[in-house]
Structure formats: structure tokens, C-alpha cells
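As a plain string of letters, each chain reads:
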Amino acid sequence: MRIMTSILAVTALLCSQVTVAQIQGPMYQVNVSGLPMNCTAYNNQPVAIFFNYRLNNVGIATNHSNGAPIIVLNPNVVGQFSNTVAQWWFAHECAHHNTGPNETKADCYAVQQLVRNGVIRHPEQLLSFSRELATLPGSPMGHLPGPYRAKNIVNCALY
Ligand SMILES: [Zn+2]
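Computed from a prediction, not measured in an experiment: that's the story for all the values here.

### Focus: the environment of asparagine 31
Part 1 of the reasoning: Looking at where asparagine 31 falls in the secondary structure, it is placed in strand 2 (residues 30–32).
Part 2 of the reasoning: By the C-beta count within 10 Å, which is 10 here, asparagine 31 ends up exposed.
Part 3 of the reasoning: Spatially, the C-alpha atoms of asparagine 31 and glutamine 87 are 9.3 Å apart, while their sequence positions differ by 56 residues.

Below you can see the structure in the form of C-alpha cells.
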């Protein structure tokens with residue numbers, strides 16, 4: 001019985017550690033592929049960032065039950081992209097807290113942020129960035145299919 005109790009205690013401990021490790025936050029600045037990034041909502045409210053390693057998506061922009069704007073990212077999914085695209089994903093989620101739910105507007109706002117803060121400086125960077133984006137699938141939630149999405153983003157970066 002004592003052994004059983006300690007096995008249960010160890011199991012409980014392991015489970016609680018797993019839960020703790022799967023969701024991290026809130027953070028107000030995170031390192032995205034080597035770049036410290038943070039997010040401010042349209043009303044100047046700092047956006048809290050969480051990591052959720054079980055999120056079935058690169059990231060989501062949503063609101064906490066208390067109304068505070070938050071971003072939830074899955075670092076494992078973010079890490080599958082090149083540095084620039086990973087940073088653009090962060091900027092995209094942040095953009096939703098500034099432009100609303102429209103995916104095409106968020107894409108545009110995000111790339112303009114990357115140009116403004118010097119992440120994208122050369123036409124070649126924009127080109128390889130758009131080639132990678134062109135491989136993304138569209139989605140029923142309003143994401144344009146990759147090639148159209150890439151075209152929209154390049155146009156936004158240039159104007
Ligand atoms: Zn989006």
C-alpha cells in the first residue's frame with residue numbers, strides 16, 4: 001500500500017509537471033527565432049503571450065475570460081518555418097488585435113510591421129518569404145490559398 005501510494009504520488013507529480021510544461025505564460029516579450037517580439041493591441045493594451053505545446057495550430061489571437069487580449073502560440077509549429085515566416089506568424093496573430101478577425105488584413109498588417117522594424121530589408125528576403133508562404137494551404141476560416149496569400153502580402157509590403 002505504501003508502494004502504491006508513492007507510485008500514485010510520483011504519477012501525480014509527473015502529470016502536474018506535464019501540464020505545467022505544456023502551457024507557459026503569460027509573457028509580454030518572447031523570442032521568435034532569435035528576435036525579441038512583443039505585441040500591443042489597438043487600444044495600447046499590452047498583449048499577454050502564452051505557449052501551448054498542444055495547440056493544433058501555429059497560433060491564435062483571442063481574449064482571456066477577463067477580456068484581456070492574448071496570443072497563444074505553439075513553439076513547435078512556429079519552429080517549422082524559416083525565421084522570417086515564424087516572425088511573420090507572430091506579427092499576424094498580433095495584427096488580429098489591431099485589425100480584427102479579417103485574415104487578409106492581418107497578413108498585410110503583419111508584413112508591414114516586419115518591414116517597419118527592419119526584419120525584411122531586401123527584395124530577395126521578400127521573395128524567399130513569399131515563396132515559403134505560397135506553399136501554405138488556404139482555410140475555411142478565411143485564409144487565402146498560399147499563392148494568393150503570398151501575392152497579397154508582397155503587395156502590402158511594397159506599398
Ligand atoms: Zn489569422
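From this point on, the discussion continues.
### A word on the environment of proline 26
Part 1 of the reasoning: Within the element layout of this structure, proline 26 appears in strand 1 (residues 23–27).
Part 2 of the reasoning: Sequence separation of proline 26 and valine 47 is 21 residues, and the distance between their C-alpha atoms is 9.2 Å.
Part 3 of the reasoning: The residues touching proline 26, leaving out its near neighbours within four places in the chain, are Ala48, Ile49 and Phe50.

### Quick word on the packing of helix 3 (residues 83–99) against helix 4 (residues 103–116)
Part 1 of the reasoning: At a closest axis distance of 7 Å, the pairing of helix 3 and helix 4 adopts a crossing angle of 120°. Classed by the angle they form, the pair helix 3 and helix 4 counts as oblique. The interaxial crossing formed by helix 3 with helix 4 has right-handed handedness. Along its contact with helix 3, which presents Gln87, Trp88, Ala91, His92, Ala95, His96, Asn98 and Thr99, the element helix 4 presents Lys105, Ala106, Asp107, Tyr109, Ala110, Val111, Gln113 and Leu114.

### Describing the packing of helix 4 against helix 6 (residues 146–158)
When two helices pack together, their arrangement is given by the angle between the helix axes and by the axis-to-axis distance.
Part 1 of the reasoning: Where helix 4 contacts helix 6, the two axes come as close as 8 Å, and the packing angle between them is 45°. Comparing the axis directions of helix 4 and helix 6 gives the class oblique. Here the hand of the crossing between helix 4 and helix 6 comes out right-handed. Here Thr104, Asp107, Cys108, Val111, Gln112 and Val115 of helix 4 come into contact with helix 6, specifically with Arg149, Asn152, Ile153, Cys156 and Ala157.
Part 2 of the reasoning: The class makeup of the residues in the contact of helix 4 with helix 6 is 6 nonpolar, 3 polar and 2 charged.

### So, the nonpolar core
It is characteristic of soluble globular proteins that their nonpolar side chains tend to be buried jointly.
Part 1 of the reasoning: Counting residues in hydrophobic clusters, the biggest one holds 31 residues, and the most contacted among them are Ile71, Trp88, Ala91, Cys94, Ala110 and Leu114.
Part 2 of the reasoning: When contributions to this core are tallied by element, the ones reaching two or more residues are strand 2, strand 4 (48–52), strand 6 (69–73), helix 3, helix 4, helix 5 (123–133) and helix 6.
Part 3 of the reasoning: Among the elements that line this core, the one with the most residues is helix 3, at 8 residues.
Part 4 of the reasoning: Residues within four places of cysteine 94 in sequence aside, it is in contact with Cys39, Val47 and Ile71.

### Re the sheet that holds strand 1
Part 1 of the reasoning: With mixed pairing, 4 strands are arranged side by side in an open sheet as 1-4-6-5. Strands at the two margins of the open sheet, each flanked by one partner only, are strand 1 and strand 5 (59–63). Neighbour-to-neighbour, the strand axes of this sheet turn through a mean angle of 20°, independent of strand direction.
Part 2 of the reasoning: Along the sheet face, helix 3 touches strand 5 and strand 6 and points at about 20° away from the line of strand 5.

### Overview of helix 4
Part 1 of the reasoning: Across its 14 residues, helix 4 extends 20 Å between first and last C-alpha, which sits within 8% of the 20 Å expected from 1.5 Å per residue.
Part 2 of the reasoning: Burial in helix 4 covers these residues: Ala106, Asp107, Cys108, Ala110, Val111, Gln113 and Leu114.
Part 3 of the reasoning: At its buried positions, helix 4 is contacted by helix 3 and helix 6.
Part 4 of the reasoning: Just downstream of helix 4, glycine 118 is the residue with a positive phi angle, here 80°.

### Re the pairing of strand 4
Part 1 of the reasoning: Burial of strand 4 is one-sided: the residues Ile49 and Phe51 facing one way are buried, the residues Ala48, Phe50 and Asn52 facing the other way are not.
Part 2 of the reasoning: Direction of pairing for strand 1 relative to strand 4: antiparallel, over a ladder of 3 bridges. Each bridged residue has a counterpart across the sheet, and for isoleucine 23 the counterpart in strand 4 is asparagine 52.

Here is what the cut-offs are and how they apply
Residues numbered from 1 in each chain as written. Predicted model: local features only at pLDDT ≥ 70, side-chain atom pairs only at ≥ 80, totals over all residues. Helix = DSSP H or I, 4+ residues; strand = E, 2+ residues; numbered from the N terminus. Buried ≥ 20, exposed ≤ 12 C-beta atoms within 10 Å, placed from the backbone. Contact = placed C-beta atoms within 7 Å. Axes fitted to C-alpha atoms, helices over the stretch in contact; angles between N-to-C directions. Parallel < 35°, antiparallel > 145°, perpendicular 65-115°, else oblique. Left-handed = near helix turned anticlockwise from the far one by under 90°. Nonpolar A, V, L, I, M, F, W, Y, C, P; charged D, E, K, R; others polar. Core = buried A, V, L, I, M, F, W, Y, C linked by C-beta atoms within 7 Å. Pairing = 2+ DSSP bridges. Expected span 1.5 Å × (residues − 1).

Treat this as a map of the structure, not an account of what it does.
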